[in-house]
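# Survey of secondary and tertiary structure
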2 protein chains.
Amino acid sequence: MSNTTKSKKEKEIITEYESQVKEIRSQLVEQQKCLEQQTDMRVQLLQDLQDFFRKKAEIESEYSRNLEKLAERFMAKTRSTKDHQQYKKDQNLLSPVNCWYLLLNQVRRESKDHATLSDLYLNNVITRFTHVSEDNMRLLKKSKEIIFQLQEDLMKILNELYTVMKTYHMYHSETLSAENKLKEAERQGERQGRGGEAVFSLRTEDRHQRRNAARKIQKMKEKRQAKYSENKLKVMKARNEYLLTLEATNASLFKYYIQDLSHLIDCCDLGYHAGLSRALRTYLSAEYSLETSRHEGLDILEGAVEGLDPSNDRQRFMETHPTAFTPPARFSFQPHMGDQVSQITALPQVQAELLLRFQQLQSRLSTLKIENEEVKKTSEATLSTIQDMVNMEDYDVSESFQHSRSTESVKSSVSDTYLSKPSLAKRRANQQETELFYFTKLKEYLEGSNLIAKLQAKHDMLKRSMAEGYRADIMTTSRRRNSHSRHQDTGKAIPLIVESCIRFINLYGLQHQGIFRVSGSQVEVNDIKNSFERGNDPLTDEENNHDINSVAGVLKMYFRNLDNPLFPKEKFNDLIACVRTESLYERALSIRKILTITPRPTLVVMRYLFAFLNQCKAEASH
Amino acid sequence: MSNTTKSKKEKEIITEYESQVKEIRSQLVEQQKCLEQQTDMRVQLLQDLQDFFRKKAEIESEYSRNLEKLAERFMAKTRSTKDHQQYKKDQNLLSPVNCWYLLLNQVRRESKDHATLSDLYLNNVITRFTHVSEDNMRLLKKSKEIIFQLQEDLMKILNELYTVMKTYHMYHSETLSAENKLKEAERQGERQGRGGEAVFSLRTEDRHQRRNAARKIQKMKEKRQAKYSENKLKVMKARNEYLLTLEATNASLFKYYIQDLSHLIDCCDLGYHAGLSRALRTYLSAEYSLETSRHEGLDILEGAVEGLDPSNDRQRFMETHPTAFTPPARFSFQPHMGDQVSQITALPQVQAELLLRFQQLQSRLSTLKIENEEVKKTSEATLSTIQDMVNMEDYDVSESFQHSRSTESVKSSVSDTYLSKPSLAKRRANQQETELFYFTKLKEYLEGSNLIAKLQAKHDMLKRSMAEGYRADIMTTSRRRNSHSRHQDTGKAIPLIVESCIRFINLYGLQHQGIFRVSGSQVEVNDIKNSFERGNDPLTDEENNHDINSVAGVLKMYFRNLDNPLFPKEKFNDLIACVRTESLYERALSIRKILTITPRPTLVVMRYLFAFLNQCKAEASH
């Protein structure tokens with residue numbers, strides 16, 4: 001306790017005390033007001049949030065309805081179309097139509113999600129805010145009751161302090177006056193004592209009188225001393241009480257301001273932040289969920305866009321119009337009224353002419369092919385340019401959604417992409433020009449290649465026929481010998497299993513790497529073989545569902561397992577010897593010698609087989 | 001070539017051929033129609049897509065406008081409030097207001113993004129679809145031109161086939177008739193030959209005549225033979241030509257159906273899928289970007305929701321209302337008119353009374369503390385129950401956005417959460433009941449603790465004063481001896497370094513484990529010591545930024561380093577001897593005997609130090 005404090009006058013002290021109390025009292029009122037104000041602001045904020053979400057629910061609901069209407073309008077339109085019937089039937093759509101349906105689905109999904117959002121705003125989020133608001137007002141009321149009580153208590157303590165201070169003042173004043181009176185008495189005593197000494201010669205009566213007066217003064221002095229001591233004790237007690245109450249008051253003030261007020265403000269806040277947080281988190285959960293759902297839908301749609309497949313669609317298009325696109329049957333040779341010949345006849349009379357024609361075809365074809373190859377290359381290069389143009393990756397618009405500080409910059413960026421007018425027009429003109437060139441070249445190429453196909457067919461046939469003519473020539477003898485059975489011979493001479501396997505390999509296997517070298521599946525080989533043995537032809541299906549190596553295996557096995565091999569054992573060594581002959585002419589003569597004594601059915605099969613193997617060799621060397 | 005084909009009559013063949021050609025011709029027409037149909041469907045689809053996006057752009061634009069209006073309405077409202085002014089000023093908002101602003105920002109962001117979406121639909125996506133549509137029609141036109149050309153060529157080839165077939169038929173008919181004529185001639189020759197032998201006895205004239213006739217017949221035979229041979233050659237050539245043309249026709253047909261048609265359908269498709277894909281990807285890019293932007297905004301808002309901070313907000317609330325919440329100055333003792341005493345006076349006259357009062361306070365306090373501790377525990381448990389209630393994590397609404405097969409199940413799930421009416425009402429009633437109980441207990445606790453604070457303050461003061469009183473008592477002698485300097489003594493008797501360290505330890509360190517046992521930082525100890533030596537008091541700052549062990553270290557060092565130790569060396573052994581005295585009474589007497597001859601300043605410091613150490617001991621045993 002500072003000893004520098006100067007003692008003040010009572011009035012001054014009281015004034016100071018009262019102004020201090022007045023200040024505290026106004027603070028207490030101010031505190032109540034602040035808390036009320038805070039709650040008012042909160043209630044206002046919660047009201048705003050409710051209004052906000054009510055209005056946003058309306059907006060979301062309207063948005064949802066509009067999207068639903070939009071989806072429904074186009075759904076209804078497509079539901080009646082042929083495509084949709086087909087969709088219902090086999091779920092097997094053209095890829096762009098699939099995208100279109102998924103786009104409509106996405107809009108419906110968004111519509112539903114925004115309806116759910118609206119519903120959650122109205123029936124969950126807003127209700128939560130209402131509850132927070134109610135809770136806040138209720139808690140304020142209760143907290144204020146307690147604060148009011150505490151403030152009342154505080155004021156009582158201050159009043160008590162006032163009372164004990166006044167008591168102290170009173171007793172102290174009394175002590176001071178008692179002290180003064182005592183001092184006065186002491187002064188009187190002293191004065192009388194001094195007087196007594198000075199007037200020693202006074203008369204006895206006077207002296208008696210004076211003695212009486214001295215006794216009186218002494219008595220008074222004692223009385224005043226007692227009074228003073230009593231007062232001093234009283235003031236000591238009062239001061240002690242004042243000091244204790246002062247200490248208690250300060251402790252209470254400290255506790256109220258530092259502890260209780262915070263505590264009670266916390267009571268007002270109880271659950272406010274938590275409630276607000278839960279309401280906002282409900283909103284966030286709804287928004288995030290909407291986003292997830294939307295994203296899922298977009299991913300599905302993106303998958304469909306990635307699945308846009310022109311060649312698959314072309315296939316489906318052609319399949320759905322079989323009458324238009326099924327290739328017609330080949331035109332077959334129609335022999336005229338009993339004409340027995342159904343092949344190119346390269347008899348000596350026309351052989352030279354055919355040869356000339358063949359040579360002409362050959363040279364014409366080689367020129368045409370070179371020319372057309374050039375056209376083809378140009379056309380393909382042009383196509384690839386067009387493809388680059390149409391596959392340009394210019395669809396990223398994410399820049400338009402970047403939120404920079406200034407609002408203006410958002411809008412302007414939209415036109416910066418693909419669609420800026422001058423460059424777009426130029427690009428499109430360029431694309432059309434390229435297209436035009438492509439079509440010119442394509443037409444040129446197609447005409448050229450059609451001519452080539454036509455001439456090539458003739459060329460190939462002539463080539464085959466001239467080889468046949470040679471064979472026909474060398475086989476005149478044998479044919480003449482049993483000309484009556486020729487028809488039957490050629491009809492049945494080739495076993496079904498050989499003919500079918502060769503047909504199959506011709507159809508699917510000539511470009512196949514390792515044909516006759518790679519072995520097929522033994523199981524499949526046996527299956528096919530067994531089927532042939534039962535009299536069926538397992539290779540007639542239009543679909544190529546057999547492994548080419550297995551089919552080759554069947555053919556090899558057939559020849560290997562013949563009871564009488566195609567080349568009889570007794571002639572095998574002779575044939576091998578022939579192959580060793582250097583001179584081609586002599587080799588041919590030797591082989592001919594051996595083969596002339598070979599039975600005709602064997603020869604027919606040999607010829608068939610070698611024609612096929614020759615073809616294989618030609619393909620392989622191609 | 002199948003040998004089973006029976007030769008047919010000319011008319012039959014022609015009919016068959018013509019029907020085959022007719023079928024092909026109708027196929028070709030059908031093909032053109034299919035391609036047109038396909039393009040029509042595509043154009044229709046693209047038209048639908050354009051209409052769809054035009055309408056969706058309207059919806060997005062309207063949605064955007066509504067959101068903008070919504071945000072603007074509340075922004076305008078808040079812009080005028082005091083909070084907003086403050087926001088502008090220091091960016092330092094109450095956390096719920098911060099959430100509210102970010103919520104409005106999010107709506108503005110969504111508004112802008114949906115406007116951008118609408119803009120991109122109208123000015124990018126739709127334009128792309130228009131271009132795809134234009135391109136598709138243009139490509140169809142060009143492809144059709146080529147297809148038409150190819151079909152014309154094909155028909156020419158078929159006509160050629162017809163012509164060569166007819167030629168073959170003609171020549172074959174002629175050959176047949178020539179053969180018949182030849183055979184007739186041969187028959188005539190034979191008949192004549194047979195007749196010649198039979199009528200050997202005919203006359204020479206007749207014989208001559210017959211020879212003539214035979215020669216004639218022979219000539220005719222030769223002529224017919226020549227005619228037949230010529231015809232045979234002609235038919236052979238014609239047949240060859242027919243066969244070659246047949247091959248070429250089949251090759252051309254094959255090429256047209258298998259290669260060229262696919263090729264030209266691809267030409268029609270050129271860029272259709274790519275264009276569609278780019279348009280849809282633009283749409284997807286826009287939607288994904290919108291989603292990203294929206295997600296960013298939601299994350300910011302989520303951060304703000306996580307940042308909801310009641311205690312920080314309370315702090316800010318109290319800081320913004322300093323007049324209401326700044327604790328008032330302590331009430332200080334006001335001595336009355338020249339009263340020199342400013343402390344509790346525990347003179348013998350009142351000592352007993354004070355002691356009694358102290359004891360009463362002590363026992364009252366211990367009862368009150370036990371009781372109030374119970375109330376406190378109950379109140380805290382209740383508060384924690386409430387806190388559990390208000391922090392319930394019931395805000396996940398993601399279930400509502402799951403898209404199951406049936407449409408109905410989406411809506412129904414909304415009411416399954418937090419807000420199902422009966423459970424909600426029950427929970428809220430429960431919460432309010434708990435609140436009520438909490439406030440009752442809180443009030444009880446606060447009243448109890450306020451009383452305790454008040455009594456504790458008096459108790460502590462009494463305790464201190466009684467110790468002082470005792471000192472006052474025992475020091476009467478010395479005080480009398482130099483009563484004029486008493487004031488100065490008590491004022492200066494305790495060195496600043498001792499008083500300040502003890503005050504600091506009293507304030508912050510009494511509950512500190514290991515005080516005086518654990519050594520502090522030597523650097524800090526020296527710092528504090530040096531500061532004291534320079535005449536400063538480094539421990540007066542209100543903040544406790546000194547290590548309590550260092551402060552204790554300073555105190556220990558001070559006593560250790562005194563030139564004249566507190567307990568003089570010559571008296572040390574006597575004092576130790578005293579402590580060994582069993583009887584407490586005799587021990588006290590011995591100590592008193594030693595201390596009465598101790599100089600007063602030393603005694604004052606000892607008393608101060610022991611009072612403090614005693615308090616430490618009491619705290620430690622508490």
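Residues numbered from 1 in each chain as written. Chains lettered and ligands numbered in written order. Predicted model: local features only at pLDDT ≥ 70, side-chain atom pairs only at ≥ 80, totals over all residues. Heavy atoms only, no water.

Looking only at helices and strands, one finds 18 helices and 0 strands in chain A. Burial status across chain A gives 45% buried among its 622 residues. Pairs at least 24 apart in sequence give 84% of the contacts found in chain A among residues at least 6 apart. As displayed, chain A has an accessible area near 34000 Å², and 52% of this comes from carbon and sulfur atoms. (Helix = DSSP H or I, 4+ residues; strand = E, 2+ residues; numbered from the N terminus. Buried < 20%, exposed > 50% of the residue type's maximum accessible area, 1.4 Å probe, protein only. Contact = heavy atoms within 4.5 Å. Areas by Shrake-Rupley, 256 points an atom, 1.4 Å probe, with all protein chains shown as cover.)

All right, on to the interface of chain B and chain A then. Chain B puts 227 residues into the contact, and the matching count from chain A is 227 residues. Between chain B and chain A, roughly 20600 Å² of surface is buried when both sides are summed, and carbon and sulfur atoms account for 64% of that area. Contact with chain A buries area across many residues of chain B, yet B:F331, B:H336 and B:F401 alone supply 4% of it, more than any other trio. The partner of A:E241 in a salt bridge is B:R357, with the nearest N and O atoms 2.6 Å apart. Counting across the chain B and chain A interface gives 66 residue pairs in polar contact (both at pLDDT 80 or more). Examining the composition of the side of chain B that touches chain A, we find that 43 residues originate from one element, helix α3 (residues 95-198) of chain B, more than from any other. Its residues assigned to classes, the side of chain B that touches chain A comprises 105 nonpolar, 62 polar and 60 charged. (Buried area = accessible area lost by both parts, 1.4 Å probe. Salt bridge = Lys/Arg side-chain N within 4 Å of Asp/Glu carboxyl O. Polar contact = N/O pair within 3.5 Å; in protein donor to acceptor, adjacent residues only side chain to side chain. Nonpolar A, V, L, I, M, F, W, Y, C, P; charged D, E, K, R; others polar.)

Let us now look at the confidence of the model for chain A. All names here are of chain A. When pLDDT is averaged along chain A, the result is 82; 85% of the residues meet or exceed 70. Element-level pLDDT for chain A is lowest in helix α11 (residues 476-481), with a mean of 38, against a maximum mean of 93 in helix α5 (residues 272-306). In this model residues 405-416 is a low-confidence stretch, pLDDT under 50, and it forms 13 contacts with partners more than four residues away in sequence or in other chains. Low pLDDT, under 50, characterises residues 473-491; the stretch is placed with 10 contacts to residues that sit more than four places away or in other chains. Under the prediction, the complex receives an ipTM of 0.70, its pTM being 0.71. (pLDDT = per-residue confidence, 0-100.)

Let's shift gears to the packing of helix α1 (residues 10-79) of chain B against helix α5 (residues 272-306) of chain B. All names here are of chain B. Packing of α1 against α5 leaves a shortest axis separation of 12 Å and a crossing angle of 15 degrees. On the basis of their axis angle, the class for α1 and α5 is roughly parallel. α1 and α5 meet at a crossing whose hand is left-handed. Contacts between α1 and α5 involve R42, L45, L46, L49, F53 and K56 on the former and, on the latter, Y272, H273, L276, Y283 and E287. Residue classes in the contact of α1 with α5 are distributed as 7 nonpolar, 1 polar and 3 charged. (Axes fitted to C-alpha atoms, helices over the stretch in contact; angles between N-to-C directions. Parallel < 35°, antiparallel > 145°, perpendicular 65-115°, else oblique. Left-handed = near helix turned anticlockwise from the far one by under 90°.)

With that out of the way, let us pick up the pattern of salt bridges. Opposite charge on two side chains makes pairing possible when the charged atoms of those side chains draw close. Scanning the model with the defined rule gives 54 salt bridges over all chains in all. The residue A:E435 makes a salt bridge to B:R138 at a minimum N-O spacing of 2.8 Å. Separated into two different chains, A:E435 in helix α10 (residues 421-474) and B:R138 in helix α3 make up a pair that spans both. Relative accessible area serves as the criterion here: at 1%, A:E435 is assigned to the buried category. B:R138 gets classed as buried once you look at its relative accessible area, which sits at 16%. Across the pair B:K55 and B:E58 runs a salt bridge, and its minimum N-O distance is 3.4 Å. With B:K55 and B:E58 both in helix α1 and 3 residues apart, this pair spans about one turn of that helix.

Right, let's get into the environment of A:I370. Residues and elements named next belong to chain A. Relative to the elements of secondary structure, I370 occurs in helix α8 (residues 348-390). For I370, a relative accessible area of 59% translates into the label exposed. Measuring from C-alpha to C-alpha, the distance between I370 and P327 comes to 29 Å, with 43 residues separating the pair along the chain.

Across soluble globular proteins, nonpolar side chains show a tendency to be buried alongside one another. Formed by 90 residues in total, the largest nonpolar core has its most connected members in A:F53 and B:F53. Residue assignment for this core shows that the elements contributing at least two residues are α1 (10-79), α3 (95-198) and α5 of chain A together with α1, α3 and α5 of chain B. Sequence-distant contacts of B:F53, defined by excluding residues within four places in its chain, comprise A:L103, B:Y121, B:V125, B:I126, B:F129 and B:Y283. (Core = buried A, V, L, I, M, F, W, Y, C linked by side-chain atoms within 4.5 Å.)

Before going further, it helps to spend a moment on the relation of the copies chain B and chain A. The two chain copies are connected by a rotation around an axis plus a translation along it. In screw terms, the move from chain B to chain A is a rotation of 180 degrees and a rise of 0.6 Å along the axis, fitting with an RMSD of 2.0 Å. Taken together, the turn and the small shift mark the pair as related by a two-fold rotation axis. Considering only C-alpha atoms, the residue of chain B closest to the rotation axis is B:Y63, which sits at 2.5 Å. Most of the interface of chain B is mirrored in chain A: 100% of its interface residues are interface residues there too. (Least-squares fit on C-alpha atoms with pLDDT ≥ 70 in both.)

For the rest of this paragraph, the subject is helix α14 (residues 522-533) of chain A. All names here are of chain A. Here α14 contains 12 residues, and its C-alpha end-to-end distance of 16 Å stays within 8% of the 16 Å for a straight helix at 1.5 Å per residue. Taken together, the buried positions of α14 are occupied by E524, V525, I528, S531 and F532. All buried residues of α14 fall inside an arc of 135 degrees around its axis, so they share one side. Opposite its buried face, α14 presents the exposed residues V523 and E533, each directed more than 90 degrees away. Residues of α14 that are buried make contact with α13 (496-508) and α15 (548-560). Following α14 by one or two positions, G535 has its phi on the positive side, about 95 degrees. (Expected span 1.5 Å × (residues − 1). Arc of directions from axis to C-beta.)

In this section: the side chain of B:R278. As for its placement among the helices and strands, B:R278 is situated in helix α5. On the basis of relative accessible area, B:R278 is assigned to the buried category, the value being 11%. A polar contact of 2.8 Å, which involves the side chain of B:R278, links it to the side chain of A:D394.

So, about a positive patch on the surface. Taken together, the side chains of A:R207, A:R211, A:R215 and A:K219 define a basic patch exposed on the protein surface. Positionally, A:R211 belongs in helix α4 (residues 204-269). (Patch = residues over 30% accessible without salt bridge, like charges linked within 9 Å, V, L, I, M, F, W, Y side chains within 5 Å. Lys, Arg positive; Asp, Glu negative; His and termini not counted. Charge placed at Lys NZ, Arg CZ, Asp CG, Glu CD.)

All right, on to the packing of aromatic side chains then. Summed over all chains, the structure comprises 35 aromatic pairs over all chains. On the basis of an interplanar angle of 90 degrees and a centroid distance of 5.5 Å, the ring pair of A:F52 and B:W100 is categorised as edge-to-face. Residue A:F52 is found in helix α1, and its partner B:W100 is found in helix α3; the two belong to separate chains. Aromatic pair B:Y256 and B:Y257: ring centres 5.3 Å apart, planes at 90 degrees, arrangement edge-to-face. The class of B:Y256 is buried, set by a relative accessible area of 2%. Put simply, the rings of A:F52, A:F53, A:Y121, A:F129, A:Y283, B:F74 and B:W100 pair up and form one aromatic cluster. Against the face of A:Y272 rests A:R42, its NZ or CZ located 4.0 Å from the ring centre. (Phe/Tyr/Trp six-rings, centres within 6.5 Å; stacked < 30°, edge-to-face > 60°. Lys NZ or Arg CZ within 6 Å of the ring centre and 35° of its normal.)

On to the packing of α14(A) against α15(A). All names here are of chain A. Across the interface, α14 lies against α15 with an axial gap of 9 Å and an inter-helix angle of 60 degrees. The angle between α14 and α15 places the two elements in the oblique class. Of the two possible hands of crossing, α14 and α15 adopt the one that is right-handed. Touching Q522, E524, V525, N526, I528 and K529 of α14 are S550, V551, G553, V554 and M557, all from α15. Residues belonging to the contact of α14 with α15 are distributed by class as follows: 5 nonpolar, 4 polar and 2 charged.

Attention shifts here to the environment of A:H403. Positionally, A:H403 belongs in the loop between α8 and α9 (408-412). Residues A:H403 and A:K22, spaced 381 residues apart in sequence, show a C-alpha to C-alpha distance of 56 Å.

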